[in-house]
Amino acid sequence: SVGDPELLGWRSAPMPESNLAAQLRVISSTAKFDARRRDAASLLFTPEQLDRMDRETILEMAQSGLISLGSTDSAVARLRSSRLFSAGSVNVNRESIAAKDEAKINSAVSEALFLLSPYLMLPATHKAIEHLIQRFKIHVYNGADIVTAFIPFHATGIYAKLLSL
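1. Digging into the overall build of the chain
Then comes step 1: When you go through the chain residue by residue, the secondary structure sums to 9 helices and 0 strands.
Then comes step 2: Helices and strands in the chain line up, N terminus first, as α-α-α-α-α-α-α-α-α.
Then comes step 3: For the chain, buried positions account for 36% of its 165 residues.
Then comes step 4: At a minimum sequence separation of 6, the contacts of the chain that also span at least 24 residues come to 64%.
Then comes step 5: Carbon and sulfur atoms form 58% of the exposed surface of the chain, whose accessible area is close to 10200 Å².

The following block contains the structure:
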């Protein structure tokens, strides 16, 4: 056709690559897909160990910890039947919770932390706290409760680890 740039001897030159396009090209060529959890905060596990664990396994560990603790404290034993440690808790996404439910969760987390606080040095407690970290992101949303509940243990390594999450 008469208006065809190729026939007129014009060759379409490639557009110069923008700065952003060049940066994206470099990133995409060097970046590897990382399927790990973005939030690898954990009291008990390395990010690699956490990647190999499913939510149900962490809940089962928490339940076993609560069974152990509940044998000496009936208030802690009741935590096993709370929403925080129910089978449905494995599907909780704290970022997408409605404001009215957020207040209920904050109250339940605060109560649970204060019930668990006398037993912070026991591994059974660590299991329960791990579930709360993984499912309810207590290290993000309930930091003040963590500090307050476990302040009697401020000189321990486990307290330092909790605060470092």
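Text resumes after the structure shown.
2. Observations regarding the nonpolar core
The tendency in soluble globular proteins is for nonpolar side chains to be buried side by side.
Then comes step 1: Grouped together as the largest cluster of nonpolar side chains are 33 residues, with contacts concentrated most on Phe 85, Leu 116, Ile 129, Leu 132, Ile 138 and Phe 150.
Then comes step 2: Those elements that place two or more of their residues in this core are helix H3 (55–70), helix H5 (99–116), helix H6 (123–136), helix H8 (143–149) and helix H9 (157–164).
Then comes step 3: Leu 116 has contacts with Leu 66, Leu 69, Val 76, Leu 79, Thr 125, Ala 128, Ile 129, Leu 132 and Phe 150, leaving out every residue within four places of it along the chain.
Then comes step 4: Counting 5 residues, the second largest nonpolar core, distinct from the first, contains Phe 45, Leu 50, Met 53 and Met 61.

3. Focus on unusual backbone geometry
Then comes step 1: One non-glycine residue, Lys 137, lies in positive phi territory at about 50 degrees.
Then comes step 2: With relative accessibility at 16%, the residue Lys 137 sits in the buried group.

4. Quick notes on the environment of Glu 102
Then comes step 1: Structurally, the position occupied by Glu 102 is in helix H5.
Then comes step 2: Relative accessible area serves as the criterion here: at 17%, Glu 102 is assigned to the buried category.
Then comes step 3: For Glu 102 and Tyr 141, which are 39 residues apart along the polypeptide, the C-alpha to C-alpha distance reads 9.7 Å.
Then comes step 4: Setting aside anything within four residues of it in sequence, one finds Glu 102 in contact with Arg 94, Ile 97 and Tyr 141.

5. What to know about the pattern of salt bridges
Then comes step 1: Per the counting criterion, the structure on display carries 2 salt bridges.
Then comes step 2: Between Arg 94 and Glu 102 there is a salt bridge; the shortest N-O distance is 2.9 Å. Residues Arg 94 and Glu 102 agree in their burial class; the two are buried.
Then comes step 3: One salt bridge connects Lys 100 with Asp 101, and the closest N-O pair in it is separated by 3.7 Å.
Then comes step 4: Note on Lys 100: relative accessible area 61%, which makes it exposed.

6. Thoughts on a nonpolar patch on the surface
Then comes step 1: Together, Val 147, Ile 151 and Leu 163 make up a nonpolar patch on the protein surface, roughly 230 Å² of accessible area in all.
Then comes step 2: With respect to the helices and strands, Leu 163 occurs in helix H9.

7. Description of the side chain of Arg 94
Then comes step 1: Tracing the backbone shows Arg 94 in the loop between helix H4 (74–77) and H5.
Then comes step 2: Of the residues examined, Arg 94 reaches a relative accessible area of 2% and is grouped as buried.
Then comes step 3: Residues contacting Arg 94, with those up to four places away along its chain left out, are Glu 102, Ile 105, Asn 106, Arg 135, Phe 136, Tyr 141 and Asn 142.

8. Here we look at H6
Then comes step 1: The terminal C-alpha atoms of H6 lie 20 Å apart, and with 14 residues this matches the ideal 20 Å at 1.5 Å per residue to within 8%.
Then comes step 2: Most of H6 sits inside the fold, with 12 of its 14 residues counted as buried.
Then comes step 3: Among the residues of H6, those classed as buried are Ala 124, Thr 125, His 126, Ala 128, Ile 129, Glu 130, His 131, Leu 132, Ile 133, Gln 134, Arg 135 and Phe 136.
Then comes step 4: Residues of H6 that are buried sit in contact with helix H2 (47–51), H3, H5, helix H7 (138–141) and H9.

9. A word on the packing of H3 against H6
Then comes step 1: Interhelical geometry of H3 versus H6 gives an angle of 145 degrees and a closest axis separation of 7 Å. Between H3 and H6 the crossing geometry is left-handed. From H3, Arg 55, Ile 58, Leu 59, Met 61, Ala 62, Ser 64, Gly 65, Leu 66, Ser 68 and Leu 69 reach across to H6, where they touch Ala 124, Thr 125, Lys 127, Ala 128, Glu 130, His 131, Gln 134 and Arg 135.
Then comes step 2: Split by residue class, the contact of H3 with H6 holds 8 nonpolar, 6 polar and 4 charged.

Rules behind the numbers
Residues numbered from 1 in each chain as written. Predicted model: local features only at pLDDT ≥ 70, side-chain atom pairs only at ≥ 80, totals over all residues. Heavy atoms only, no water. Helix = DSSP H or I, 4+ residues; strand = E, 2+ residues; numbered from the N terminus. Buried < 20%, exposed > 50% of the residue type's maximum accessible area, 1.4 Å probe, protein only. Contact = heavy atoms within 4.5 Å. Areas by Shrake-Rupley, 256 points an atom, 1.4 Å probe, with all protein chains shown as cover. Core = buried A, V, L, I, M, F, W, Y, C linked by side-chain atoms within 4.5 Å. Salt bridge = Lys/Arg side-chain N within 4 Å of Asp/Glu carboxyl O. Patch = residues over 30% accessible without salt bridge, like charges linked within 9 Å, V, L, I, M, F, W, Y side chains within 5 Å. Expected span 1.5 Å × (residues − 1). Axes fitted to C-alpha atoms, helices over the stretch in contact; angles between N-to-C directions. Left-handed = near helix turned anticlockwise from the far one by under 90°. Nonpolar A, V, L, I, M, F, W, Y, C, P; charged D, E, K, R; others polar.

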